[in-house]
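Architecture at a glance
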Amino acid sequence: MKKGVFFIIAFYISNLLIESYFDLHISVFQITLIHTFLFGSFVLKDRIHQMLIQKNTKHPFSFLAINVLSFFICLLFLIPFILSTDSNSQLTVVCSFFICFFIYLFLELFLILKK
């Protein structure tokens with residue numbers, strides 16, 4: 001988990017640098033909000049996975065259900081950004097969110113397989 005946190009911090013800083021270099025019309029607050037939400041989701045899913053492993057619940061559908069639920073919660077998180085009136089910023093934030101979301105998923109998969 002410690003390597004995961006280091007990677008997440010490095011990814012956050014690189015995301016800020018990419019935004020400032022390319023001027024993507026996404027604020028530092030929005031980037032911070034996205035990474036905070038995804039990090040919280042990452043930690044919560046890790047805790048739930050650990051609880052299921054300790055209870056010897058190894059049903060693959062339970063792990064799939066956690067990830068599907070997380071995906072729907074992410075969509076609920078994006079609704080204010082999608083409904084915003086600034087279409088240029090809207091597309092940038094949503095694309096940035098999903099790029100970060102899938103990188104977090106790959107990180108989570110890597111950490112699970114490493115255990």
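Up top is the structure these notes are about.
One structure accompanies this document, and this report is about it. (Residues numbered from 1 in each chain as written. Predicted model: local features only at pLDDT ≥ 70, side-chain atom pairs only at ≥ 80, totals over all residues. Heavy atoms only, no water.)

**Quick word on the overall build of the protein**
- A tally of helices and strands in the protein yields four helices and zero strands.
- Helices and strands in the protein line up, N terminus first, as α-α-α-α.
- With the principal axes as the frame, the protein shows a C-alpha extent of 45 × 30 × 15 Å.
- Expressed as a percentage of its 115 residues, the buried residues of the protein come to 32%.
- Taken as a whole, the protein presents about 7,900 Å² of accessible surface, with 76% of it coming from carbon and sulfur.
- Seen as two clouds, the 8 positive and the 5 negative side-chain charges of the protein have centres 23 Å apart. (Helix = DSSP H or I, 4+ residues; strand = E, 2+ residues; numbered from the N terminus. Buried < 20%, exposed > 50% of the residue type's maximum accessible area, 1.4 Å probe, protein only. Areas by Shrake-Rupley, 256 points an atom, 1.4 Å probe, with all protein chains shown as cover. Lys, Arg positive; Asp, Glu negative; His and termini not counted. Charge placed at Lys NZ, Arg CZ, Asp CG, Glu CD.)

**Some thoughts on the packing of aromatic side chains**
- On inspection of all chains with the given rule, the structure shows 16 aromatic pairs.
- Look at F97 and F98: their rings are 5.5 Å apart centre to centre, the planes differ by 85°, and that puts the pair in the edge-to-face class.
- Judged by relative accessible area, which is 0%, F97 ranks as buried.
- Given the relative accessible area of 22%, F98 is considered partly exposed.
- When the ring of F97 is compared with that of F101, the centres are 6.2 Å apart and the planes differ by 15°; the resulting orientation is stacked. Within this pair, F97 and its partner F101 are both found in helix α4 (residues 87-114), separated by four residues, close to a single helical turn. (Phe/Tyr/Trp six-rings, centres within 6.5 Å; stacked < 30°, edge-to-face > 60°.)

**Topic: helix α3 (residues 60-82)**
- End to end, α3 covers 32 Å across 23 residues, agreeing with the expected 33 Å (1.5 Å per residue, within 8%).
- Among the residues of α3, those classed as buried are S62, I66, S70, C74, F77, L78 and F81.
- On its buried face, α3 sits against α2 (28-54) and α4. (Expected span 1.5 Å × (residues − 1). Contact = heavy atoms within 4.5 Å.)

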